[in-house]
Structure formats: C-alpha cells, structure tokens
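So the chains spell out like this:
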Amino acid sequence: MTPHHQHYINGTFVSDRHDKWIDVINPATEALLSRIPQGSRQDAAQAIAAAEAAQPGWEALPAVVRGNWLRKLAAAIRQREAVITAVIVAEGGKTHSLAQTEVLFTADYFDYMAEWARRYEGEIVNSDRPNEHIFVFKKAIGVTTGILPWNFPFFLIARKAAPALVTGNTIVLKPSELTPNNAALFAEIVDTVGLPAGVLNIVYGYGPEVGQELAANPRVGLVSLTGSVNAGIATMEAAAKNVTNVSLELGGKAPAIVMDDADLALAVKAIVSSRVINTGQVCNCAERVYVQAGIYDRFLAALIEAMSQVKFGDPAQHTDIDMGPLITHAALTRVEQKVARAVADGAQVALGGTRAGEKGFWFTPTILTHVRQEMEIMREEIFGPVLPVMRFTTLDQAIALANDCDYGLTSSIYTQNLNTAMQALRQLKFGETYINRENFEAMQGFHAGWRKSGIGGADGRHGLEEYLQTHVAYLQF
C-alpha cells in the first residue's frame, strides 16, 4: 500500500482537508513511492498560527535548553540513519554514499548549531554621555519559515531549522513536493523526541500556494528559501507586502579556472567530483571550466578520460556508482535541450550528450568544447552532468570571463602559485572561492551568494545571525 503522509502542525499529524494528493516518484525507476497532501494556504496559515502561539514560550527558555533539544534531534537522526538514507536514495536518486553523508552531516549540523547556545551574544557600546550605558541585545525574530529544495532536502531542514530554533524562533517548513518523504521521517523524529508543540511545523504542497503563504503571511518575520531565481523573485514579491525579511539561495554558475601550473591530476579529479555530485544538481557545482592555453589539450584529454569513467545507475541497486538519475523527466528534457542548443550554436560534444536507459531520467556524463562565452550553456545554470570547457590565455582574461555572469555563488581556481591564488581571491566576485579543491562548503563557514545567487546566507556565526534582530537599550543613571 502506498504511504500517505500528513502535515505536522502544532505537534499533531493532520490530514489535508481538501483530500488532494501529490504523487512522489522514484526518478530511477519511475515507480510511485508515496503521496503527500496538496496543502493549501489555509494549512500554511494554520501552521504559522501554531508557530506564533508557541514562540514566546520557546524564546523564554534558556538558550542552552533550546540547544539541548537540537542535540536530541541529532541523536535521533543518527539512530535512524539507515532508514533516512534509503528514503533519500529512493526519492532523490542520490547515491548511497552521498545520501548517507547528508544524513550524518545533518545530525552534525544540529549539534554544531546547539553549541552556539552559549556563544551568540550582544554588545555594550560606549556612550557619549557620562552616566549612560548602551546595550545591544540580540533577540529572536519570531516566526520563521523555510522553503526547501529537492537536491539536499534533509540537510536543508537543519540549515534552516537549527539556527532558527537555537536563537528562540519557531519555524514552519515546506519540503519540496519532489522529495518530501525524508521530511515525513523528520516529523516522526520531532514527534518522538517530544519537541514542544508548534515549535517546528511541516506543511506539504506547491510553491504557488503553500510557499506564497509562508512568504506573504504578516505573522512571519523571516522567510528563507533555497531554490530557483524565479522562486526567489516570487518569494521577495510576496514578502515585500509586509516588509518581511528574506534569506535566499538561488543557484549559481560556478567557474573553475585551471592555470598552466596547476596540479593536473588534482584539478581533473576535483572538477569531475564538483560536476557529477548529485548528478550535477547542486547550486555550487562547477558549471563551466576555463583552461589556460598551455595545458588545454592535456587537461581536456585527462578530463574526457575521467568523465568517461563516471559510473551511473540505480543507487538503490548499486553502491559503486558516482551518480544517479536526474530528478524528473522535465529536468532531463531541460538538460537535453540545453546541450542541443549549444551544439546548434557551434559547440562540439567531446563526450556523452545523450539520454540513457528506457526507465528513469538518465543523462550521460557530457563534455562540450568549442564553446563561447555568450552561449547559453556558459551563462545559464545547467543542473546536470554537463561540463563546457573553454580556453583562455591570461589570468586577467580568465577572471573577467568568470565574473561575466549573473550569478555569484561559488568559484574555484587551480594553481600552485600563491600570487595567482591571491589575485584571484581579490578579484573574483563570488561568495565562495575554492583553491585546489572540490566545491563543497563547511558548516562553520558562510554560504552566501552575490548578484542573482541570493540575499543573505547560511552556516557559521553569520548564518546564525540571519535569525536574530537587534534591540538597543539606552540606560541613563
């Protein structure tokens, strides 16, 4: 029997009153996995009201007590690691190793944010008056909401909920309708550990209904979304009516610059890893490669060899693979069409470039050459296992090409020259730059983009402070 999940609102599992359901499909087999309620704005508003009612009591708890609740969630996640991993593999098409990493990283993230309970702090500022103190308090925003993506669905629960909860906020989450089953397991964990009712709520449904309410409801103090640029714009427009805070991660078009003096084997390995992780469906993936002329031919030959060795298959059946399917048939079609348009515009397929298999949403590891900067394939996010490779001559040219982009999330450079690396760090206009390593951020860093890659950010102290607001007190005596 196909599982039918329920919203989790105010500490209770509740069915959708309209009896409309969304099918959840395995992208590797196209089999039906589950059904979730097609939530309404009314459902989202009910969850927001529950979060608002619970927030004063939650904020009144000492921060260390709130942190201890996060530790309980982390421990419960580790206890169910195998089950959650299997669910992520089935609904997201993610390899077993990457899904397992996501689950354990999520538990670590809750523990990490719990540590901030004793560490985030306000300030005492010197006054111009002789008998006055100025205090800057850091306080909870109130009710927050999180709109989650499908590519790292379980981790994003922690990335949004953990800093919100430890700082005294409550939260309502909307999982992606493509990968909601892991959130259903998390709701069971929340219920089992006994987190106070209303502190964390989960509502399923589509963005235009549930997501819009989470952004537009006047009781919400902050809405955080990870998704497409169009989804970010819609969220900003909805939030603007109440001047609600927004935090947005909206994608990227990460350049990888390979200099003549690069460690060739390291660069190839890191760039391939940064492209095929989650089948290229990661916002900080290497999306375009610029190679200095002196090593272009050698690098390209090594890259083709490495990409040709990438194994793909059903991750529920094989553990020795590097990537699984794309998330939907629509995603497969988009990637196929982008490659076709690039070829029509003069690009050449050096490897792959085709669909694979009869069932599931498979696209072969692909390398494109003879690309030009103005091509769509070099400017718009691909979100698939496709690497366009372009030649350059000087570092200044490479940096100009890298910065010539609407996005500004991540970037990378491969060089053994410290001066080259430092010049790139000074001039690259991206929220993150990776030097001689794959594109993958740390929880204690700050994951934030420039330009159309978003507003605000996540992780570390700066990510925690997204969920705080200041209250300044002038005490004259």
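My aim in this report is to walk through the structure given alongside it, one point at a time.

Cut-offs applied
Residue numbers here run from 1 along each chain, matching the order of that chain's written sequence. Selection of residues for local features in this predicted model requires a pLDDT of at least 70, selection of side-chain atom pairs for listing and counting requires 80 or more, and totals for whole chains, interfaces and linings are taken over all residues. Note that water and hydrogens are dropped before the side-chain values are worked out from all heavy atoms of the structure. Note on conventions: DSSP H or I runs of at least 4 residues are helices, E runs of at least 2 residues are strands, and numbering of each starts at the N terminus. Put simply, the radius of gyration uses C-alpha atoms, and a globule should come to 2.2 Å times the residue count raised to 0.38. Any two residues whose heavy atoms approach within 4.5 Å are treated as being in contact. Throughout, the Shrake-Rupley method with a 1.4 Å probe supplies accessible areas, and for residues the shown protein chains are the sole cover considered. Throughout this description, the term salt bridge denotes a Lys or Arg side-chain nitrogen within 4 Å of a carboxyl oxygen of Asp or Glu. Buried residues are those whose accessible area, probed at 1.4 Å on protein chains only, stays under 20% of the maximum for their type, while exposed residues exceed 50% and partly exposed ones sit between those limits. Multiplying 1.5 Å by the helix residue count minus one yields the expected span of that helix. Residues adjacent in sequence count toward polar contacts only when both atoms are side-chain atoms; beyond that, a polar contact is any pair of N or O atoms within 3.5 Å, and within protein one must be able to donate a hydrogen and the other to accept it. In this scheme Phe, Tyr and Trp rings, the latter by its six-membered ring, pair at centre separations within 6.5 Å, and the angle between planes marks the pair as stacked below 30 degrees, edge-to-face above 60, and tilted otherwise. Criterion for a charge above a ring: Arg CZ or Lys NZ at most 6 Å from the ring centre, at most 35 degrees from the ring normal. Each axis is a line fitted through C-alpha atoms, and for a helix only the stretch in contact is used; angles between axes span 0 to 180 degrees, taken between their N-to-C directions. Roughly parallel means an angle under 35 degrees; roughly antiparallel, over 145; roughly perpendicular, 65 to 115; everything else is oblique. Three classes are used, and their members are as follows: Ala, Val, Leu, Ile, Met, Phe, Trp, Tyr, Cys and Pro are nonpolar, Asp, Glu, Lys and Arg are charged, and the others, Gly among them, are polar. For two strands to be treated as a pair, DSSP must find at least two bridges joining them. Here, the term nonpolar core denotes a set of buried Ala, Val, Leu, Ile, Met, Phe, Trp, Tyr and Cys residues that are joined through side-chain atoms within 4.5 Å. The handedness of a crossover follows from its direction of travel: if, with the strands pointing away from the viewer, the path from the first strand over the helix to the second runs clockwise, the crossover is right-handed. When the near helix sits turned anticlockwise from the far one by under a right angle, the crossing is termed left-handed; a clockwise turn instead gives a right-handed crossing.

### Focus on the overall build of the chain
Step number 1: In terms of helices and strands, the chain carries 15 helices and 26 strands.
Step number 2: For 477 residues, the compact-globule estimate of 2.2 N^0.38 gives 23 Å, and the chain sits close to it at 23 Å.
Step number 3: Referenced to the eigenvectors of the C-alpha coordinate spread, the extents of the chain come out at roughly 70 × 70 × 40 Å.
Step number 4: Taking contacts inside the chain between residues at least 6 apart in sequence as the whole, the part at least 24 apart equals 73%.
Step number 5: When the accessible surface of the chain is split by element, carbon and sulfur atoms take 51% of a total near 19100 Å².

### Observations regarding the pattern of salt bridges
Step number 1: Counted under the stated rule, the structure contains 23 salt bridges.
Step number 2: We note a salt bridge from R119 to E115, for which the minimum N-O separation is 3.8 Å.
Step number 3: By relative accessible area, which is 33% here, E115 ends up partly exposed.
Step number 4: The network of salt bridges with shared partners includes R159, E249, E441 and D459.

### So, helix α9 (residues 264-276)
Step number 1: Between its terminal C-alpha atoms α9 stretches 18 Å, which fits the 18 Å expected from 13 residues at 1.5 Å a residue.
Step number 2: Looking at the buried residues of α9, the elements they touch are β12 (254-258), β13 (286-292), α10 (296-308), β18 (386-392) and β20 (410-414).
Step number 3: Capping the start of α9 is the job of one residue whose side-chain oxygen sits 3.3 Å from the backbone nitrogen of A265: D263.
Step number 4: Trailing α9 by a residue or two, N278 shows a phi angle of about 50 degrees, which is positive.

### Regarding the packing of aromatic side chains
Step number 1: With the rule as written, the count across this model stands at 11 aromatic pairs.
Step number 2: Consider the rings of Y109 and F155, whose centres lie 5.2 Å apart with planes at 85 degrees: the pair is edge-to-face. One end of the pair, Y109, is in helix α4 (residues 96-115); the other, F155, is in helix α5 (residues 153-166), with 46 residues separating them in the sequence.
Step number 3: Judged by relative accessible area, which is 0%, Y109 ranks as buried.
Step number 4: Between Y112 and W116, the ring centres sit 6.4 Å apart and the planes meet at 85 degrees, which makes this aromatic pair edge-to-face. Take Y112 and W116: they sit in the same class, and that class is buried.
Step number 5: An aromatic cluster of at least three residues, connected via ring pairs, comprises F105, Y109, Y112, W116, F155 and F440.
Step number 6: A cation over a ring is seen here: K139 above F137, with NZ or CZ 5.7 Å from the ring centre.
Step number 7: Seen from the ring of Y296, R391 lies directly overhead, with NZ or CZ sitting 4.0 Å from the centre.

### Some words on the packing of α4 against α5
Step number 1: The N-to-C vectors of α4 and α5 enclose an angle of 5 degrees; their axes lie 9 Å apart at closest approach. With respect to each other, α4 and α5 are oriented roughly parallel. Mapping the contact onto sequence places E102, V103, F105, T106, Y109, F110, M113 and A114 in α4 and P153, F154, F155, A158, R159, A162, P163 and V166 in α5.
Step number 2: The residue inventory of the contact of α4 with α5, partitioned by class, reads 13 nonpolar, one polar and two charged.

### Digging into the sheet that holds β18
Step number 1: The sheet built from seven strands is open, its strands ordered β14-β17-β18-β13-β12-β20-β21 with mixed pairing. Looking along the sheet, the strands with just one partner apiece sit at the ends: β14 (348-351) and β21 (432-435). Across the sheet, the mean angle from the axis of one strand to that of its neighbour is 25 degrees, orientation sign disregarded.

### Considerations on the nonpolar core
For soluble globular proteins, the rule of thumb is that nonpolar side chains tend to be buried together.
Step number 1: Counting residues in each nonpolar core, the largest one holds 63 residues, and the members touching the most others are I77, F110, F186, L200 and I202.
Step number 2: At 10 residues, α5 tops the list of elements feeding residues into this core.
Step number 3: Discounting residues that sit within four places of it in the chain, I77 has contacts with I84, V103, T106, A107, F110, F154, F186 and I189.
Step number 4: Counting 35 residues, the second-largest nonpolar core is a separate cluster that includes M259, A331, V335 and L401.

### Regarding the pairing of strand β11 (residues 245-249)
Step number 1: In terms of burial, β11 is a largely internal element, four of the five residues being buried.
Step number 2: With five bridges connecting them, strand β10 (residues 220-226) and β11 associate as parallel partners. Considered in β11, the bridge of L222 is made with N245.
Step number 3: Handedness of the β10-helix α8 (residues 229-240)-β11 crossover: right-handed.
Step number 4: Examined bridge by bridge, β11 and strand β24 (residues 454-455) share two bridges and lie antiparallel to one another. Across the sheet, residue L248 finds its bridge partner in β24, namely I455.

### What to know about unusual backbone geometry
Step number 1: With phi around 50 degrees, V243 is a residue other than glycine that occupies positive phi space.
Step number 2: Tracing the chain through its elements places V243 in the loop between α8 and β11.
Step number 3: Of note in the backbone geometry, D459 takes a positive phi value of approximately 90 degrees without being a glycine.
Step number 4: Its location among the elements puts D459 in the loop between β25 (457-458) and α15 (460-465).

### With respect to the packing of α9 against α10
Step number 1: At their nearest, the axes of α9 and α10 sit 10 Å apart, and the two run at 45 degrees to each other. Judged on the interaxial angle alone, α10 and α9 are oblique. Like other packed secondary-structure pairs, α9 and α10 cross with a definite hand, here right-handed. Residue-level contacts link L264, A267, V268, I271, V272 and V276 of α9 to R298, F299, A302, L303, A306 and M307 of α10.
Step number 2: For the contact of α9 with α10, a count of residues per class yields 11 nonpolar, no polar and one charged.

### A word on the sheet that holds strand β5 (residues 123-125)
Step number 1: On the basis of which strands lie adjacent, the open sheet formed by three strands has the order β5-β6-β26 and antiparallel pairing. Whereas interior strands pair on both sides, the edge strands pair on one side only; in this sheet they are β5 and β26 (468-476). Each strand of the sheet is rotated relative to its neighbour by a mean of 25 degrees, with strand direction disregarded.

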